[in-house]
There are 2 protein chains.
Amino acid sequence: MFWIPIDRSRDIPLIRQVYEQIRTKILRGELQAGERLPSTRELASDLQVSRNVILEAYEQLHAEGFIEGRQGAGTYVAEGAYLEDLNCDSLSFFEDMNTENDRDNIISFRSGIPALDLFPRKIWGKLSQQVCIETPHSIFGYDHPEGRLELRQILSRYLLRTRGVRCHPNQLVITSGATQALSLIARLLLSQGDQVVMEDPVTHEIQSIFSSPGAELCPVPVDEHGMKTDLIPQDIKPKFMFVTPSHQFPLGGTLPIQRRIQLIHFARKADCYIVEDDYDSEFRYQGAPISSLQGLDPDRVIYIGTFSKILSPALRLGYLVLPPSLTERCRHLKWFTDLHTPSLEQLTLARFIQEGHLERHISKMKKVYRRRRETLINALDTYFENKVTVSGDSTGLHLIAEFEDIVFTDQVLDKLLDYRVRVYSVELHANRKGAHQNKIILGYGNLAEEEITEGIRRIKAALDNDIKKARRQMC
Amino acid sequence: MFWIPIDRSRDIPLIRQVYEQIRTKILRGELQAGERLPSTRELASDLQVSRNVILEAYEQLHAEGFIEGRQGAGTYVAEGAYLEDLNCDSLSFFEDMNTENDRDNIISFRSGIPALDLFPRKIWGKLSQQVCIETPHSIFGYDHPEGRLELRQILSRYLLRTRGVRCHPNQLVITSGATQALSLIARLLLSQGDQVVMEDPVTHEIQSIFSSPGAELCPVPVDEHGMKTDLIPQDIKPKFMFVTPSHQFPLGGTLPIQRRIQLIHFARKADCYIVEDDYDSEFRYQGAPISSLQGLDPDRVIYIGTFSKILSPALRLGYLVLPPSLTERCRHLKWFTDLHTPSLEQLTLARFIQEGHLERHISKMKKVYRRRRETLINALDTYFENKVTVSGDSTGLHLIAEFEDIVFTDQVLDKLLDYRVRVYSVELHANRKGAHQNKIILGYGNLAEEEITEGIRRIKAALDNDIKKARRQMC
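The structure presented is a predicted model; accordingly, all values stated were derived computationally and were not measured.

## Section: the interface of chain A and chain B
Right, so step 1: Across the boundary between the two partners, chain A contributes 100 residues, which contact 101 residues of chain B.
Right, so step 2: Between chain A and chain B, the buried area comes to about 8800 Å², and carbon and sulfur atoms account for 60% of it.
Right, so step 3: At the surface where chain A touches chain B, the tally comes to four salt bridges.
Right, so step 4: Close ionic contact of Glu35 of chain B with Arg161 of chain A constitutes a salt bridge, the shortest N to O distance being 3.6 Å.
Right, so step 5: Where chain A meets chain B, there are 24 residue pairs in polar contact (both at pLDDT 80 or more).
Right, so step 6: Among the elements of the structure, helix H2 (40-47), helix H5 (121-134), helix H6 (149-163), helix H7 (177-189), helix H8 (204-211), helix H10 (324-338), helix H11 (343-354) and helix H12 (357-384) of chain A are those that each provide at least two residues to the side of chain A that touches chain B.
Right, so step 7: The element that contributes the greatest number of residues to the side of chain A that touches chain B is H5 of chain A, accounting for eleven residues.

This is the structure:
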């Protein structure tokens, strides 16, 4: 609806009010050249004035050159009638809003980004349209906070088959990505002064989410096999223990069964939950698939999954598998947070899984990522020989490179940027600082093989030409 | 990926491990009749075992009748091999999961539901697909918490043109519906012991959202023109005042300019914000369009909009217009809540508005709702004559019916359900109970004209046959 205020109590004629306001809108650029104005009949009805008022106002605007158009062919805003700048640049659709990486030709080894150019656009686009056209009317209304039953049923079977996760569809809550799942858990379980056991290092954003309700984080060191469970302090009573057992973030270890059992024993003794974040275990390159921790004790483990790494983070689709005792409270909280996750996207995903596209996509992507991983390991080997140790590379979309003699300070990371390569330090995610200064996280999911090799070449060049030289000069 | 755990340390042959586990999955129904198994080559690669292991395991399963299939044509789970019940009924796609209303043929006058059968499926579906196929790769990655710039730019111009909302695109944060906007405001502004001025009555869920951080609600009575601003207690220092000035929920009044100015004066004096929830003002049937409160004082008013009523609640698309001083903190909070709202849906909506579909849809729906509203008013008049007073009907998707001599207790509402008609009492949303017992909210957005008339007939029948009779017997 085209809207302008009409004030009958003022002694300005209605024609003048309509004329003046449309004129101002055009001058200010609120109505832009080429934009179609409503018909005189429509506008008269919208503003509840006689059609003559609009006809005369339009005539005036036409006479002064603000609008143009012929009888029956519509009325349009004329060119060149725009005066003031509203600081609101128009932007054409899909004008490529590339990130700074593309603009500056920076190669970024940011972790956790899947290959964005290989998103299954055609199938997803087709299924989106089909769902939108074929779904029953009722789907367009308000829905339940836990998400569509169709998706939860398909997901519960998928999780059992591929991850050994044991749950009834009623234990699932579909969330807007894993971040919302983490945020719901924090609000569900944590209050001021509560304790949370966490891996150290661990994604720094997760530390923020859990500490925001005022909880105390109890960091437990991580080695190449994940959390060192024998170092969990025995005197604490945490609300839960947060772990990434399939592929520790960032260090990349896979938690062995002995430590898993230790974790569960501790949780039973302390009567607390375990939160298992299973963010990229679908891509496993070495050894047999690893079962979820959830399957070992479904009443005590809260499992978090996401489609951000296996499909796209832009979808914002994730889920929680909860012990039955927590589901009702979690649904309630989800309802007061955002009611529910968008219904059409849930149904599109359900069809995508149901028709076998998800498993085919994962299988295809695993091959792509396996090649990228090999390229990365080879490049590190070629440029650094035995000066760099690779770890955490059995699974997922990133690995850890440990350098013999480099401390990745902010200055070093900045210097790398001068060489148009961006890497992320492990130290950023460390709770207790100092133990991981010579390690960087190299995400390879969204980099072509040539980019990977070129990126490592740039790191080598930066280190040789500038960073080591600077250090030598300082000595 | 098809997943079964393989344990090389056990002295059970690998063939037996594979065979046993597939057999169990079939017995339990985790693999269902007709489901295709991976090829022997795929499964061997997935499980990191020799292909012979899989060939022999499959042969065994085939011999026992669990699976079937011919060389080169794929291997499938056979019929009738399912034993235990997993309490996980399979559900065919789009099997109509109708609500109890449809099942029991109940006519529900629930408010706030648009006409679900008139959602523009074809256009939305087509645009969804186009966006998915044409958008640049980068859109499939992580995005900014405030939402897509394309949408925010289009929205800021749309809001200025149609609602007199004055904002730069940077002041907009796209949210997952208005509920998330409300929840973000609560977390942004409220702590234990803070005060919030609210209309009384007001949506009971909003009361829960604002009181959950421990804030104290200060109810101000509402009459047929909205909040009685002269009754705002002068001695309080609220964090904000929550109002629905375009169409008060539930009572339906439109706040006159004098009260709007009083509200702003109070906010300036108390140095607090005003939160304007503009949930359905697009559908205005009487009088000239009403400007937003935000346009009068953009630095003090937080404006909440939603596409739930003008398009569909299932999309979960809404937005916040914030004073510049709050935008950064709100983006931060949105990031830690769910990162951002799904990108493809945002772009679909941007195109939908850009191409003029939104305004055409609103204009079309306004005609539909206008007819439904008239049908409802006529039916009330026909069945109740002067025993019912209608109010709050100038705008939106519901109106208020005040009955001369009925108190809508839970028993009365239950009795109406026996007559297969559901209505909602105003009293449910009242903070101070007792003032609105004879009023019900009649939402008409999602009811066909025949359903509206039939629904009112059922109310009449219930009241005449049962409710009044029961009351007479009690006297």
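## Describing the relation of the copies chain A and chain B
Right, so step 1: Superposition record for chain A on chain B: RMSD 0.0 Å, screw rotation 180°, translation along axis 0.0 Å. Put plainly, the chains are arranged around a two-fold axis. Taking the C-alpha atom as reference, chain A places Gln129 of chain A closest to the rotation axis, 2.9 Å from it.
Right, so step 2: With an isologous cut-off of 70% or more, the 100% of interface residues of chain A that recur at the interface of chain B puts this contact in the isologous class.

## Description of empty space enclosed by the protein
Right, so step 1: Under the counting rule described, the total for this entry stands at six cavities of 30 Å³ or more.
Right, so step 2: The computed volume of the largest cavity comes to approximately 160 Å³.
Right, so step 3: Looking at the largest cavity, the residues that line it are Trp124, Ser128, Cys132, Leu344, Glu345 and Thr348 of chain A together with Trp124, Ser128, Cys132, Leu344, Glu345 and Thr348 of chain B.
Right, so step 4: Its residues assigned to classes, the lining of the largest cavity comprises six nonpolar, four polar and two charged.

## Overview of the domain arrangement of chain A
Right, so step 1: Domain parsing of chain A yields domain 1 (14-91), domain 2 (107-117 + 360-474) and domain 3 (119-356).
Right, so step 2: Once you take the C-alpha centre of each, domain 1 of chain A and domain 3 of chain A turn out to be 53 Å apart.

## Concerning the pairing of strand E9 (residues 240-243) of chain A
Residues and elements named next belong to chain A.
Right, so step 1: Neither face of E9 is exposed, since Phe240 and Phe242 on one face and Met241 and Val243 on the opposite face are all buried.
Right, so step 2: Note: E9 against strand E10 (residues 273-277), four bridges, orientation parallel. When the sheet's bridge partners are listed, Val243 is paired in E10 with Glu276.
Right, so step 3: Handedness of the β-α-β unit built from E9, helix H9 (residues 257-270) and E10 comes out right-handed.

## Structural notes on the packing of aromatic side chains
Residues and elements named next belong to chain A.
Right, so step 1: Here the structure, examined in full by the defined rule, presents 22 aromatic pairs over all chains.
Right, so step 2: On the numbers, 5.7 Å between centres and 50° between planes, the contact of Phe307 with Tyr319 is tilted. In this pair, Phe307 sits in the loop between strand E11 (301-306) and strand E12 (318-321) while Tyr319 sits in strand E12, placing the two residues twelve residues apart along the sequence.
Right, so step 3: Using a relative accessible area of 2% as the deciding quantity, one classes Phe307 as buried.
Right, so step 4: Note on Tyr319: relative accessible area 3%, which makes it buried.

## A look at a nonpolar patch on the surface
All names here are of chain A.
Right, so step 1: A cluster of nonpolar side chains, Ile257, Ile261 and Leu296, forms an exposed patch at the surface whose accessible area comes to about 240 Å².
Right, so step 2: Residue placement: Leu296 occurs in the loop between E10 and E11.
Right, so step 3: Its relative accessible area of 38% is what places Leu296 among the partly exposed residues.

## A look at the packing of H5 of chain A against H11 of chain A
Residue and element names in this part refer to chain A.
Right, so step 1: Put simply, H5 and H11 touch, their axes get as near as 9 Å, and they point 120° apart. Classified by the angle their axes make, H5 and H11 are oblique. In the packing of H5 onto H11, the handedness of the crossing is right-handed. Facing H5, whose interface residues are Ile123, Trp124, Leu127, Ser128, Gln130, Val131, Cys132 and Glu134, H11 presents Leu344, Glu345, Leu347, Thr348, Leu349, Arg351 and Phe352.

## A look at the packing of H6 of chain A against H12 of chain A
Relative placement of two packed helices is described by the angle separating their axes and the distance separating the axes.
All names here are of chain A.
Right, so step 1: At their nearest, the axes of H6 and H12 sit 12 Å apart, and the two run at 35° to each other. Judged by the twist between their axes, the crossing of H6 over H12 is right-handed. Contacts between H6 and H12 involve Tyr158, Arg161 and Thr162 from the first element and Leu358, Glu359 and Ile362 from the second.
Right, so step 2: By residue class, the composition of the contact of H6 with H12 is three nonpolar, one polar and two charged.

## Some details on the sheet that holds strand E13 (residues 388-391) of chain A
Residue and element names in this part refer to chain A.
Right, so step 1: Spatial ordering of the open sheet is given by E13-E14-E17-E16, a layout of four strands whose pairing is antiparallel. The open sheet has two edge strands, E13 and strand E16 (424-425), and neither has a second partner.
Right, so step 2: Both E16 and strand E17 (residues 439-443) contribute to a ladder of two bridges, which runs antiparallel. What sits directly across from Ser425, in E17, is Ile440.

## Structural notes on H10 of chain A
Because the α-helix completes a turn every 3.6 residues, residues three or four places apart line up on one side.
All names here are of chain A.
Right, so step 1: Here H10 contains 15 residues, and its C-alpha end-to-end distance of 22 Å stays within 8% of the 21 Å for a straight helix at 1.5 Å per residue.
Right, so step 2: When H10 is considered as a whole, its buried residues turn out to be Leu326, Thr327, Cys330, Arg331, Leu333, Lys334, Trp335, Phe336, Thr337 and Asp338.
Right, so step 3: In the segment just after H10, Leu339 is the residue with positive phi, at about 70°.

Procedures and definitions
Residues numbered from 1 in each chain as written. Chains lettered and ligands numbered in written order. Predicted model: local features only at pLDDT ≥ 70, side-chain atom pairs only at ≥ 80, totals over all residues. Heavy atoms only, no water. Contact = heavy atoms within 4.5 Å. Buried area = accessible area lost by both parts, 1.4 Å probe. Salt bridge = Lys/Arg side-chain N within 4 Å of Asp/Glu carboxyl O. Polar contact = N/O pair within 3.5 Å; in protein donor to acceptor, adjacent residues only side chain to side chain. Helix = DSSP H or I, 4+ residues; strand = E, 2+ residues; numbered from the N terminus. Least-squares fit on C-alpha atoms with pLDDT ≥ 70 in both. 1 Å grid on protein atoms, 1.4 Å probe; cavity = no way out; pocket = protein on both sides within 12 Å on 5 of 7 lines; lining within 4 Å. Points joined across faces, edges and corners; volume = space filled by probe spheres on them. Nonpolar A, V, L, I, M, F, W, Y, C, P; charged D, E, K, R; others polar. Domains from an automatic or database assignment. Buried < 20%, exposed > 50% of the residue type's maximum accessible area, 1.4 Å probe, protein only. Pairing = 2+ DSSP bridges. Right-handed = clockwise from strand over helix to strand, strands pointing away. Phe/Tyr/Trp six-rings, centres within 6.5 Å; stacked < 30°, edge-to-face > 60°. Patch = residues over 30% accessible without salt bridge, like charges linked within 9 Å, V, L, I, M, F, W, Y side chains within 5 Å. Areas by Shrake-Rupley, 256 points an atom, 1.4 Å probe, with all protein chains shown as cover. Axes fitted to C-alpha atoms, helices over the stretch in contact; angles between N-to-C directions. Parallel < 35°, antiparallel > 145°, perpendicular 65-115°, else oblique. Left-handed = near helix turned anticlockwise from the far one by under 90°. Expected span 1.5 Å × (residues − 1).

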